[in-house]
Amino acid sequence: KEIAFGLLNKKKRKVPETTTEMASRVREIVEPLILSETKKKEVEKKVLDRTVARVMQALRIELNGEFRVLEKLLEDLPSVLAPGGKAVFLTFHSGEDRRVKKSFKSGFKSGIYSSWSRDVVRPTSTEKRNNPRSSCCKLRWVIRSNTD
């Protein structure tokens, strides 16, 4: 709530034009909030960076309508998969993964899917070392039932 009010503050009339400017503005707003919560004189850079990253991610998800698009894809998936067809999803955060998992589970229970990945496939330690961005990634798959 405080972040939203801080971003809309009338005193700062200039609208951020880049993501760097937006992140800087978010950092200015978040730092005192973290200070008041942790009661530390210096905020750990790691905690502040993670908080700013999460706020920026939430803004991106909302502005791009990412959850609405994912929900629509999951809703349409049974009609575009041929009987026996397979689909694989890579999710990068819990909000996406939760939606994919619920959709696959619901489709399996209703007979739309014959099989689904109850457990996620995670990158190996070697893959994480070679590609650090893969560390948060989860892979889920689903197979369309042979009957309509």
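Here the structure is shown first, and the text comes after it.
Report follows, based on the coordinates.

Attention shifts here to the overall build of the protein chain. Within the protein chain, the regular secondary structure consists of six helices and three strands. Taken from the N to the C terminus, the helices and strands of the protein chain come in the order α-α-α-α-β-α-β-α-β. For the protein chain, the proportion of its 148 residues judged to be buried stands at 28%. Considering only contacts in the protein chain between residues 6 or more positions apart, those separated by 24 or more positions represent 59%. For the protein chain, the accessible surface area stands at approximately 10800 Å², while carbon and sulfur atoms represent 55% of it.

The next point concerns helix α3 (residues 45-64). With 20 residues, α3 should reach 28 Å at 1.5 Å per residue; the first-to-last C-alpha distance of 28 Å fits that figure. Buried within α3 are the following residues: Leu48, Val52, Val55, Met56 and Ile61.

With six bridges joining them, strand β1 (residues 86-91) and strand β3 (residues 138-144) adopt antiparallel strand pairing. In the sheet register, valine 88 faces β3, and the bridge partner there is tryptophan 141.

Contact pair α3 / helix α4 (residues 66-80): the axes reach a minimum separation of 5 Å and the direction vectors enclose 55°. On the basis of their axis angle, the class for α3 and α4 is oblique. Residues Arg60, Ile61, Glu62 and Asn64 of α3 form the contact with α4, whose participating residues are Glu66, Phe67 and Arg68. Residue classes in the contact of α3 with α4 are distributed as two nonpolar, one polar and four charged.

Conventions we followed
Residues numbered from 1 in each chain as written. Predicted model: local features only at pLDDT ≥ 70, side-chain atom pairs only at ≥ 80, totals over all residues. Heavy atoms only, no water. Helix = DSSP H or I, 4+ residues; strand = E, 2+ residues; numbered from the N terminus. Buried < 20%, exposed > 50% of the residue type's maximum accessible area, 1.4 Å probe, protein only. Contact = heavy atoms within 4.5 Å. Areas by Shrake-Rupley, 256 points an atom, 1.4 Å probe, with all protein chains shown as cover. Expected span 1.5 Å × (residues − 1). Pairing = 2+ DSSP bridges. Axes fitted to C-alpha atoms, helices over the stretch in contact; angles between N-to-C directions. Parallel < 35°, antiparallel > 145°, perpendicular 65-115°, else oblique. Nonpolar A, V, L, I, M, F, W, Y, C, P; charged D, E, K, R; others polar.

Purely geometric stuff here, so don't read any function into it on its own.
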